Amino acid sequence: MKPPPFSYHDPATLQQAVELLGQLDNAKPLAGGQSLMPMLNMRFVLPDHVVDLNGIAELSGISASADTLDIGAMTRQRDIEFSETVAWACPILSEALTYVGHRQTRNRGTIGGSLCHLDPAAELPTIACVLDARIEVIGPNGLRTIPFAEFPAGYMMPSIEPDELVTRVSFPLWPREAGHSFVEFARRHGDFAIVSAAAMLVVDAMGVITRAAVALGGVTAVPLRMPEVEQALVGHKATDETFRAAAELCRAIEAVGDVYVPAAYRQHLAVVMARRALEQAFARIGGASAKTH
Amino acid sequence: MDTASQTRTISLSVNGKSFSKTVPVRLTLADFLRHELRLTGTHVGCEHGVCGACTILFDGQSARACLMLAVQANGHEITTVEGLADGDAMHPLQKALSEHHGLQCGFCTPGMLTTLVELLNDNPAPSAEDVRIAISGNLCRCTGYEGIVAATLDAAAQMRAAGGRS
């Protein structure tokens, strides 16, 4: 058998899951299993207990208010991808999901699982980064909310305790007139990104950028927000030259190199993908402001 | 670790037949189908979710059987490649694959079929690009994929003409 021996628990309620994780030593919560199961099969992880969250109905669901999109941690990636609520409230999330793995893995994979696995090249953490998502976590001491900026503690390591679970991800919504874009460069469709870029833009009637958010995936050990790029955008006219100059700042990132891609190539891609994301976000802005360009 | 929680009795439906078995909790669904039910059509390649050979339909949705535990299938419906034909009549997609050189060694074929059956259920008129994206998680080392794409488009057309059997 591929996975190592463990005891299996399948709580039916969140309360039971929290109690189990509080009592058991060396326990791992199992969400969609698209990362934990490979790690078990390869014996990278050796838990004594697996706590399967798939029977906890209260952890799934999508709801939107005027200013926030809330998604339960165990909501399947395919359900988010096909959600009309998400497409209306937060189209950048729908767009990014088409790049997440393959249909077969999105049918099982969850948003909470992806955020906790925290692969720096994964799409959902990059979207959570660009949108300043709030991660709701429950543990023996009750609920707490972690702003995404404080969520990554390091490479593939979320700042949650072993006895805590992510329950919900909340995305603050941008105004309807905002432009959005998620682009990525990967060798094949469905691969983890070598570099991805997410951009949100608001431009006023004079064609001046009033609000911007830019995040990059795959470039560094954790998803990277680019405040210097955002500063180079806000207050400036939305022109190709503005986008080019702002994206150029990505060349200074201390990118990671690996066996596939040297750091210098990631720096180059960061500039290119940031620029493409900004141009596309701008092109998608509805109304008169885009037409003045 | 208590041994009591290391086996479980599960009941599930596979290709329309009900089964009840006691299994180790760490048994993957792929190994359960192959070793316990002797349904060896579900192939096991990489065993970490990359190659797609073990793809089955879990309550009608494609999933990697190597990335699920057999205990997680308790109370659910599984369809494997053995469940696609209607008696002796092959599924239109199976027929089309054989006609368009959509397989050679056959290792990837069960995963291709289950994945593409889901695609055709969702989208009866896919483009070649839709097909390529659908099978982006299924590795084939024989065909170069061209025959698989051609077969899927042909099967889709036949199924539309026949009124959408899936």
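Residues numbered from 1 in each chain as written. Chains lettered and ligands numbered in written order. Predicted model: local features only at pLDDT ≥ 70, side-chain atom pairs only at ≥ 80, totals over all residues.

1. Concerning the overall build of chain A
Going by this rule: Runs of E in the DSSP output that reach at least two residues are strands. Runs of H or I that reach at least four are helices, and both are numbered from the N terminus. Restricting the calculation to C-alpha atoms gives the radius of gyration, and the globule rule supplies 2.2 Å times the number of residues raised to the power 0.38. Working definition of burial: number of other C-beta atoms within 10 Å of the residue's own, with buried at 20 or more, exposed at 12 or fewer, and partly exposed in between, all C-beta atoms being placed from the backbone. Two residues qualify as a contact pair if the distance between their C-beta atoms, derived from the backbone, is within 7 Å.
Check the secondary structure of chain A and you find 12 helices and 14 strands. Its C-alpha atoms give chain A a radius of gyration of 20 Å, within 12% of the compact-globule value 19 Å for 293 residues. Split into buried and exposed, the 293 residues of chain A put 51% on the buried side. Counting contacts in chain A only where the partners sit at least 6 residues apart, residues at least 24 apart contribute 63% of the total.

2. Digging into the confidence of the model for chain A
Heads up, the rule is: The quantity called pLDDT is the predictor's confidence in a given residue, expressed from 0 to 100.
When the pLDDT values of chain A are averaged, the result is 95; 98% of them are 70 or greater. Per-residue pLDDT stays below 50 along residues 287–293 of chain A; that stretch engages in 11 contacts with residues further than four places along the chain or on separate chains.

3. Looking at helix α3 (residues 109–122) of chain B
Because the α-helix completes a turn every 3.6 residues, residues three or four places apart line up on one side. Spelled out, the test is: The length a helix should cover is 1.5 Å for every residue beyond the first.
Compared with the 20 Å implied by 1.5 Å per residue over 14 residues, the 20 Å span of α3(B) between its first and last C-alpha is a close match. Burial analysis of α3(B) places 12 of its 14 residues in the buried class, the great majority of the element. Among the residues of α3(B), those classed as buried are T109(B), P110(B), G111(B), M112(B), L113(B), T114(B), T115(B), L116(B), V117(B), E118(B), L119(B) and L120(B). Residues of α3(B) that are buried make contact with α6 (103–106) of chain A together with β3 (55–58), β4 (61–64), α2 (92–99), α4 (128–134) and α5 (146–161) of chain B.

4. A word on the domain arrangement of chain A
Residues and elements named next belong to chain A. For the record, the criterion: Note that the domain bounds were set by an automatic or database domain assignment.
As far as domains go, chain A holds domain 1 (63–172) and domain 2 (179–285). The gap between the C-alpha centroids of domain 1 and domain 2 is 20 Å. Tallying the contact residues gives 20 residues for domain 1 and 19 residues for domain 2. Of all the elements in the fold, those that place two or more residues in the side of domain 1 that touches domain 2 are α5 (91–97), α8 (123–130) and β8 (152–154). Counting residues per element, the side of domain 1 that touches domain 2 draws most heavily on α8, which supplies 6 residues.

5. Some thoughts on the pairing of strand β2 (residues 27–30) of chain A
Residue and element names in this part refer to chain A. To keep it simple, the criterion reads: For two strands to be treated as a pair, DSSP must find at least two bridges joining them. With the strands aimed away from the viewer, a crossover counts as right-handed if its path from the first strand over the helix to the second runs clockwise.
Residues A27 and P29 of β2 are buried on one face, and the alternating residues K28 and L30, pointing to the opposite face, are buried as well. Sheet topology note: the β2/strand β3 (residues 49–52) ladder contains 4 bridges and is parallel. Residue pairing for β3: L30 is matched across the bridge by D52. Assessed by its sense of winding, the connection that carries the chain from β2 through helix α2 (residues 36–41) to β3 is right-handed.

6. Let's talk about the interface of chain A and chain B
Bring the parts together and some accessible area is lost; that lost area is often taken as the interface size. The criterion, for reference: Residues are sorted three ways: Asp, Glu, Lys and Arg are charged, Ala, Val, Leu, Ile, Met, Phe, Trp, Tyr, Cys and Pro are nonpolar, and all the rest, Gly among them, are polar.
Listed by partner, the interface residues are 27 residues for chain A and 30 residues for chain B. Residues of the side of chain A that touches chain B, tallied by class, amount to 8 nonpolar, 13 polar and 6 charged.

7. Details of the pairing of β3(A)
As a general feature of sheets, a regular strand has side chains that alternate between the two faces. All names here are of chain A. Burial of β3 is two-sided: the residues H49 and V51 facing one way and the residues V50 and D52 facing the other way are all buried. Sheet analysis places strand β1 (residues 7–9) next to β3, joined by 3 bridges and oriented parallel. Counterpart to S7 in the pairing with β3 is H49.

8. A closer look at the environment of A232(A)
All names here are of chain A. Relative to the elements of secondary structure, A232 occurs in helix α9 (residues 227–233). With 20 C-beta atoms counted inside 10 Å, the residue A232 sits in the buried group. Counting along the chain gives 231 residues from A232 to M1, while the straight-line C-alpha distance between them is 55 Å. Contact partners of A232, with chain neighbours within four places excluded, come to A245, A246 and L249.

9. A closer look at the domain arrangement of chain B
Residue and element names in this part refer to chain B. Its domain assignment divides chain B into domain 1 (3–83) and domain 2 (92–161). Using C-alpha coordinates to define each centre, domain 1 is positioned 23 Å away from domain 2. Each partner contributes to the interface: domain 1 provides 14 residues, whereas domain 2 provides 11 residues. Mapped onto the side of domain 1 that touches domain 2, the elements with two or more residues apiece are β3 and β4.

10. Let's talk about the sheet that holds β1(A)
Residues and elements named next belong to chain A. Heads up, the condition is: Axis definition: a line fitted to C-alpha atoms, limited for helices to the stretch in contact. Angles are taken between N-to-C directions and run from 0 to 180 degrees.
Read from one edge of the open sheet, 3 strands run β1-β3-β2, paired in parallel fashion. Both edges of this open sheet fall to β1 and β2, since each of them pairs with a single strand only. Mean inter-strand twist for the sheet, computed between neighbouring axes without regard to direction, equals 25°.

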